[in-house]
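Coordinate analysis (summary)
Next come the chains, spelled out residue by residue.
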Amino acid sequence: MQLPREVVIGDDILEFTSDLCKRFGFCESAFVVTGPHTRHIAGRRVIDLLEDAGIDVNYIIVSSSTEKNVEAVEGKIKELKPQVVLGIGGGTKIDVAKLSSARQGVPFISVPTAVSHDGIASPFCSLKGMNKPYSIMAQSPMAIVADTKIIVQAPPHFAASGCGDIVAKLTAIRDWRLAHNVRKEYYGEYAASLALMSVRLVLKSVDMIKLGMEEGLRVLLEALISCGVAMSIAGSSRPCSGSEHLFSHALDLIAPKAAMHGQQCSVGTIMMAYLHKMDWKYIKEKLQKVGAPTTAEELRIEPEHIIRALMRARRIRPERYTILKEKKLSRDSAKKLAKATGVINRLM
Ligand SMILES: [Zn+2]
């Protein structure tokens, strides 16, 4: 079980990054992965802080989480041999930093600038354009530095997306339990409870999250970190990723322009909750309240791509038993499902 050793959360705490690195013994060199935009939000400042502390810093700007970018970062790690890799930004930069550092056997520190998904603390990452469009094992961050002063400034759809990724745990846990009952798959009560507790706390805070209040975003941040820890405890992404994630991965492959991960999971959760005979209307209401997309239109994805993704989802990860294996959606039943939950227009 790999868990983060230190989690620093607070208002204006970015400056602790250099102390943290030194305490871990990373006093000589560091490599920073950041983005064209997040470089100005936090990347540059962290680089300056580390340099002021006498650490030799090199950096790279990446804009997407592709195998090519991971290889480019790996090349830099091989050449520069840094003691630690820091991923500073949203999902993409953290994923690229996490996987490249894991492959090169270098510790990794996660510095999220938004609360859009649970990859900020999990040992998993997902790359675009891979033959496996779902998450793969990388490594758990050694530490997480989350500055709420930066996080509150991110556009609201990031937090709404984070809520979608959290609410997804409701159907993910149902799928996990189903796999346990039908296939005798290992089911970890502790990891499942931890993920469910995160959903409960986030649902209680949707009003504050919607308003972009620091208190609400902190709940969401802690929930996303707890979910990352739940995956570490389970040793798989099971407690956090079920049929709703398979739907999102299928959309990534099918839709010409995919939406954010958590936004797609938001819509997926509503439909998978319907298949599980859960209270999908309550879930939808909460997601609407927080401003997460609940329809194809809000995702800006064609209804046809939603239907095709629903049909494709069960084949994305054949070994993962979910409700989709039981329901085996055809074009007709997929369309009915999307209509019944209001994801696509009933008149279509
Ligand atoms: Zn997710």
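Let me sum up the structure you'll find in this document. (Residues numbered from 1 in each chain as written. Predicted model: local features only at pLDDT ≥ 70, side-chain atom pairs only at ≥ 80, totals over all residues. Heavy atoms only, no water.)

With that settled, the discussion passes to the coordination of the zinc ion. Ligation of the zinc ion by protein atoms is provided by Asp165 (OD), His245 (NE2) and His261 (NE2), these donors lying 2.1 to 2.2 Å from the ion. Considered as a linear motif, the donors of the zinc ion on their single chain read D-x79-H-x15-H. One end of the pair, His245, is in helix α10 (residues 243–254); the other, His261, is in helix α11 (residues 261–275), and 16 residues separate them in sequence. (Donors = N, O, S within 2.8 Å, 3.2 Å for Na, K, Ca; no water. Helix = DSSP H or I, 4+ residues; strand = E, 2+ residues; numbered from the N terminus.)

One recurring pattern in soluble globular proteins: nonpolar side chains tend to sit buried together. Ranked by size, the top nonpolar core spans 52 residues in total, and within it Val33, Val73, Val115, Ile166, Ile209 and Leu220 carry the most contacts. Per element, the largest residue contribution to this core is eight residues, and it comes from helix α9 (residues 214–234). Judged by nonpolar contacts, the second largest core, of 32 residues, contains Leu246, Ala255, Met272 and Ile307. (Core = buried A, V, L, I, M, F, W, Y, C linked by side-chain atoms within 4.5 Å. Buried < 20%, exposed > 50% of the residue type's maximum accessible area, 1.4 Å probe, protein only.)

Let's shift gears to the sheet that holds strand β1 (residues 6–10). Read from one edge of the open sheet, six strands run β1-β8-β5-β4-β2-β3, paired in parallel fashion. What marks the edges here is a single partner per strand, and that holds for β1 and β3 (56–61). On average, each strand axis in the sheet is inclined to that of its neighbour by 15°, with strand direction left out of account. Taken together, the two bridges between strand β5 (residues 108–112) and strand β8 (residues 143–147) define a ladder with parallel strand orientation. Of the residues in β8, the one forming a bridge with Ile109 is Ala143. Running over the sheet, helix α4 (residues 91–103) touches β2 (29–34), β4 (84–89) and β5 and is turned about 165° from β4. (Pairing = 2+ DSSP bridges. Axes fitted to C-alpha atoms, helices over the stretch in contact; angles between N-to-C directions. Contact = heavy atoms within 4.5 Å.)

On to unusual backbone geometry, then. Positive phi, close to 45°, is recorded for Lys81, a residue that is not glycine. Assignment of secondary structure puts Lys81 in the loop between α3 (67–80) and β4. Backbone geometry at Lys328 places phi at a positive 35°, although glycine is not the residue there. Within the secondary structure layout, Lys328 lies in the loop between α15 (323–327) and α16 (331–340). A relative accessible area of 52% places Lys328 in the exposed class.

Our focus in this paragraph is the pattern of salt bridges. Once their charged atoms are close, side chains differing in charge can pair, the charge on each being opposite to the other. Counted under the stated rule, the structure contains 13 salt bridges. Between Glu74 and Arg103 there is a salt bridge, with its nearest N and O atoms 3.1 Å apart. Placement of the pair is Glu74 in helix α3 and Arg103 in helix α4, with a sequence separation of 29 residues. For Glu74, a relative accessible area of 11% puts it in the buried group. The partly exposed category is assigned to Arg103, whose relative accessible area is 37%. With a closest N to O distance of 3.2 Å, Glu319 and Arg317 form a salt bridge. (Salt bridge = Lys/Arg side-chain N within 4 Å of Asp/Glu carboxyl O.)

On to the packing of aromatic side chains, then. Following the criterion strictly, the structure yields four aromatic pairs and no others. Summarising the aromatic geometry, the rings of Trp176 and Tyr186 are spaced 6.3 Å apart at their centres and angled 70° between planes, so their arrangement reads as edge-to-face. Here Tyr186 lies in the loop between α6 (156–183) and α7 (189–204) and Trp176 lies in helix α6, a separation of 10 residues in the sequence. (Phe/Tyr/Trp six-rings, centres within 6.5 Å; stacked < 30°, edge-to-face > 60°.)

Counted residue by residue, β8 has five buried out of five residues, so it is predominantly covered. Side chains Ala143, Val145 and Asp147 project from β8 onto one buried face, and the interleaved Ile144 and Ala146 project onto a second face that is buried too. The pairing of β1 with β8 spans five bridges and is parallel. Opposite Val7, over in β8, you have Ile144 as the bridge partner.

Running from amino to carboxyl end, α10 crosses α11 at an angle of 130°, the nearest separation of the two axes being 8 Å. By the angle between their axes, α10 is oblique relative to α11. Considering only the axes of α10 and α11, their crossing is right-handed. Where α10 approaches α11, its residues Ser243, Glu244, His245, Phe247, Ser248, His249, Leu251 and Asp252 are matched on the opposing element by His261, Gln264, Cys265, Val267, Gly268, Thr269, Met271 and Met272. Tallied by class, the residues present in the contact of α10 with α11 amount to six nonpolar, eight polar and two charged. (Parallel < 35°, antiparallel > 145°, perpendicular 65-115°, else oblique. Left-handed = near helix turned anticlockwise from the far one by under 90°. Nonpolar A, V, L, I, M, F, W, Y, C, P; charged D, E, K, R; others polar.)

Keep in mind that these numbers describe shape and distance, not what the molecule does.
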